[in-house]
Amino acid sequence: MAAKEPGLDTEEAPWQKMVKVFGSRTATEHAAHLLPYLKPHFRILDVGCGVGSITLDLANLVPDGEVLGIDTNQSTTDMAKQMAQDRGVSNVKFSVGDAHDLSAFSDESFDVVHAHQVMLHLPDPVKALTEMRRVLKTGGVLSLRDNIDLYHYPHDLWIQQNQGMWNTNDRKTGAEPQGGLYIHDWTNRAGFPWGHIQESPTTWTVTTLEQRRFFASGAKTGFRALGLKAGYGIEQDFDEIERRWVAWAEKDAGRMMFVDATVIAFK
């Protein structure tokens, strides 16, 4: 039997890889712009919570309050519930929900509404932000963080081409993959006055071998079938893209830097 390429672990399910990388995100690193505004009694809505690692951190920071995390994916919220149980966090709940429709929640029912890397995936971010503003208490805090661009090192034209495919496909669905460039404007269009909006840049860098292998594996499990169906390339193109991702992942100097924008807005 041929040896398995180190970056393409076909035995591990994609959700397991997701948990390993995105499940390691912390509020300290990925929601630092929000933390100074938190108070122990706050009620927080985390929109697009994913597997819940940031959500659980927020819950620990509001011990006398409550955090509700919603995501469109049932399996993701199930993983978040399990993570909460494993960590013994009791002031948090997870459920399936859509950012565009928060009708399950009353007007002015949360002190904070938080969304991390969510707006860039939505076909109508202004509608979602309008809903977030509705459920936010007067004087409450909206917290957003979305990607503007990502850069890899060492540079590889095949990887750059693959990233361009992702962006093209996202825009075909009505989303904006560089949403961080727009979130301040979307926030204002949702009803937040310019004088109530604070913006700042931030970054996140993938540095470890495990993280790099996740992205290499994502090139195989996450986009190939869709890319072929959409006509972004032929089999041989995606074979080469996979090889380039795997080679990048195994380089000690390999890095992936995400350049993001954050918004804090007050109702």
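Our subject is the structure that appears above.
What you see is a predicted model, and the numbers here were worked out from it, not measured in a lab.

### Examining the environment of Q211
Part 1: Tracing the backbone through its elements, the reader meets Q211 in helix α8 (residues 209-221).
Part 2: You can call Q211 buried: its relative accessible area is 13%.
Part 3: Sequence separation between Q211 and M256 is 45 residues, and the spatial gap between their C-alpha atoms is 9.4 Å.

### So, the packing of aromatic side chains
Part 1: Following the criterion strictly, the structure yields 6 aromatic pairs and no others.
Part 2: Ring geometry for W166 and W245: centres 5.9 Å apart, planes at 15 degrees, overall stacked. Of this pair, W166 sits in helix α6 (residues 157-172) while W245 is found in helix α10 (residues 235-249), placing the two residues 79 residues apart along the sequence.
Part 3: When its relative accessible area of 23% is taken as the criterion, W166 is described as partly exposed.
Part 4: Each member of the aromatic cluster is reached from another via a ring pair, and the members are W166, W245 and W248.
Part 5: Lying across the ring of W204, R25 places its NZ or CZ 5.0 Å from the centre.
Part 6: It is R133 that lies over the ring of F192; its NZ or CZ is 5.6 Å from the centre.

### A few points about the pattern of salt bridges
Proximity of charged atoms lets side chains of opposite charge pair with each other.
Part 1: Applying the stated criterion to the full structure yields 13 salt bridges.
Part 2: In this structure, E66 and R43 form a salt bridge, with 3.1 Å as the shortest nitrogen-oxygen distance. With E66 in strand β2 (residues 66-71) and R43 in strand β1 (residues 43-47), the pair connects residues that are 23 residues apart, well separated along the chain.
Part 3: Residue E66 is classed as partly exposed on the basis of its relative accessible area of 22%.
Part 4: By relative accessible area, R43 is classed as partly exposed at 27%.
Part 5: Linking R134 and E131 is a salt bridge whose minimum nitrogen-to-oxygen distance equals 2.8 Å.

Calculation rules
Residues numbered from 1 in each chain as written. Predicted model: local features only at pLDDT ≥ 70, side-chain atom pairs only at ≥ 80, totals over all residues. Heavy atoms only, no water. Helix = DSSP H or I, 4+ residues; strand = E, 2+ residues; numbered from the N terminus. Buried < 20%, exposed > 50% of the residue type's maximum accessible area, 1.4 Å probe, protein only. Phe/Tyr/Trp six-rings, centres within 6.5 Å; stacked < 30°, edge-to-face > 60°. Lys NZ or Arg CZ within 6 Å of the ring centre and 35° of its normal. Salt bridge = Lys/Arg side-chain N within 4 Å of Asp/Glu carboxyl O.

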